Amino acid sequence: MTEALGTHDDELAEFGYKQELDRSIGKFASFAAGVSYISILTGTFQLFFFGFATGGPAYWWSWPMVFAGQLMVALTFAELAANIPVAGSVYNWSKRLGSATVAWLAGWMMLTASVVTMSAVAIANQYALPQIWSAFQFIGDGTGTYDFSINAVILGTALIVFTTLVNAWGVKLMARINSTGVFIELIAAVLLIILLAANIKRGPGVLFDTHGTGAGHDWGYLGAFLVASLASAYVMYGFDTASSLGEETIDPRRTAPKAILRAVNASFLLGGLILLFAILAVNDIHSQEIASGGMQFIVLDVLGNTVGKAILISAVIAIWVCGLAVQTATIRMIFAMARDNNLPAGSVLARVNPKTKTPVVPALITGAVAIGILLVNIRQPQIFTVVTSIGIIMIYIAYLLVTVPMLRSRLRGRWPPAGAQAAGYFSLGRFGLVVNVLAVGWGVFMVLNLAWPRKAVYNATEPFHWYLQWGGFLVIGVVFFGGLAYYRLVQRHKTGVLAEHAAGGAGGEPLPAIAGGADEGAQR
């Protein structure tokens, strides 16, 4: 084992870095990291109400649609993970495929999106805990205008404090908690599928019932379906977490690619079956409570209080480990960018605690910022869909900032690296170009779809303002172009691997773009 770890440390040195993080994550823990970020129960319980309300039972078809698109992205990421097993996956991949500016933007968008996602996941507590025990509704009885949003902030803050403390303690504790939580989630998901399947009330024909949701849309039901697809798009991302932990994973070139693909496939299969049987098993498919109570209502309606609440408890566990995984990936992104001196106070942010072998300062900062996002939206009744939508868009953009440079490198014959397939690493082989093109096309389509100025997503209730309806474009524009201006004017002049993190202590030099990308920013 010691010899194997030494080999991985030598490989990391080839990328210009020295080994500092605790390389202790095994195969299941790596898989669990990807699964917990995607989080089958968190996603299906969190936004089922939205998908059903905006698309009716037929919204289920958005699940395989999103899976097909995200599988293309996951396949390209698996190939990248096999060749570039470095922390801060999206950032480091883009850096070696494209220009330094594109790489910084990829890291910046993923970083900001991940912090927003931390807040969005934390809000999910509100959809489950008060259903389990009414005492968790600390503010009012849940029917007041701001009862939901204020209480969601309180419960969400508790989750973020927990994940921050665990991540500051070290990756071993994080991996133990995360793996245990994922094990419970997988068992609960399978059990829920069996129980719902045993209580089916109708046939699969209902999956073509739109409940009239296409009325009022310019594109008829297609317009409603595209809105409803947000519910599925929210679930199937974050699979790159397994590769973001590459510097802490044993044999990452082989472990991470498998973990990425297994996480996506497991989530599609289990999540799709949960949604399918929930629609087929609910007692009254026309109940107005489905559109408000979502999956939680169906579970309690079909399985009763005792069994139903046991499933809800499992969903809460899934939400908490999902929040843990999201913050873990966010911390690694900060660490990766900071040791390249690509963030303000880079030496402070990249400092690894010698005892816990984890970056502590990024854990504290991300926790504080995520709580701040919750507090800013404390009296916003539409808090969840707005925060969630913006977070998803930014992650899809970050993914595009990897898949587009990868496609460019592939067309120029610079990807995959020579000898990668011969070494036995995961490779797309002759299907690489097709998969890469589909991944890019899918990413562009979903960014436009998710950002489209729809009242149903960004301004569903009063007060109605144009800037709220266009919130997707406006917020993303500020984050993207504001970040771009900051990097070009300030940070790019400071870029270079910090000496304390460089292999051999030779800091200050930019890392080579192994796929032949232009490195104008890295050269200062």
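Residues numbered from 1 in each chain as written. Predicted model: local features only at pLDDT ≥ 70, side-chain atom pairs only at ≥ 80, totals over all residues. Heavy atoms only, no water.

Help me understand the environment of T356, please; the structure alone is not making it clear to me.
Summarising the element assignment, T356 is placed in the loop between α14 (346-349) and α15 (360-376). When the C-alpha atoms of T356 and L21 are compared, they prove to be 8.8 Å apart, with 335 residues separating the residues in sequence. Contact partners of T356, with chain neighbours within four places excluded, come to A168, W169 and G170. (Helix = DSSP H or I, 4+ residues; strand = E, 2+ residues; numbered from the N terminus. Contact = heavy atoms within 4.5 Å.)

Explain the packing of aromatic side chains to me, please; I cannot follow it from the model alone.
Aromatic rings in a pair are described by how distant their centres are and how their planes are angled relative to each other. A complete count under the given rule lists 23 aromatic pairs for this structure. A centroid spacing of 4.9 Å and a plane angle of 85° characterise the contact between F77 and Y399, whose relative ring orientation is edge-to-face. Of the two residues, F77 sits in helix α4 (residues 62-83) while Y399 sits in helix α16 (residues 383-411), which places them 322 residues apart along the sequence. Judged by relative accessible area, Y399 falls into the buried class, the value being 2%. Residues F480 and F481 carry aromatic rings whose centres are separated by 5.1 Å and whose planes lie at 75° to one another, so their mutual orientation is edge-to-face. By relative accessible area, F481 is classed as exposed at 54%. Put simply, the rings of F77, W93, F239 and Y399 touch in pairs and so form one group of aromatic residues. Here the guanidinium or amino end of R339 rests over the ring plane of Y17, the centre of that ring lying 3.6 Å away. (Phe/Tyr/Trp six-rings, centres within 6.5 Å; stacked < 30°, edge-to-face > 60°. Buried < 20%, exposed > 50% of the residue type's maximum accessible area, 1.4 Å probe, protein only. Lys NZ or Arg CZ within 6 Å of the ring centre and 35° of its normal.)

How do you make sense of a positive patch on the surface when you look at a structure like this?
On the surface, K27, R254, K258 and R262 cluster together to form a positively charged patch. In terms of residue count, the dominant contributor to the positive patch is helix α12 (residues 252-281) (3 residues). Position of R254 relative to the elements: it lies in helix α12. (Patch = residues over 30% accessible without salt bridge, like charges linked within 9 Å, V, L, I, M, F, W, Y side chains within 5 Å. Areas by Shrake-Rupley, 256 points an atom, 1.4 Å probe, with all protein chains shown as cover. Salt bridge = Lys/Arg side-chain N within 4 Å of Asp/Glu carboxyl O. Lys, Arg positive; Asp, Glu negative; His and termini not counted. Charge placed at Lys NZ, Arg CZ, Asp CG, Glu CD.)

Looking at this structure, I do not really get the packing of helix α8 (residues 147-169) against helix α9 (residues 171-197). What am I missing?
When two helices pack together, their arrangement is given by the angle between the helix axes and the distance between those axes. For the pair α8 and α9, interaxial distance at closest approach is 6 Å and the crossing angle is 130°. Comparing their axes, α9 and α8 come out oblique. For the pair α8 and α9, the contacting residues are F162, V166, N167 and W169 in the first and L173, M174 and I177 in the second. Residues belonging to the contact of α8 with α9 are distributed by class as follows: 6 nonpolar, 1 polar and no charged. (Axes fitted to C-alpha atoms, helices over the stretch in contact; angles between N-to-C directions. Parallel < 35°, antiparallel > 145°, perpendicular 65-115°, else oblique. Nonpolar A, V, L, I, M, F, W, Y, C, P; charged D, E, K, R; others polar.)

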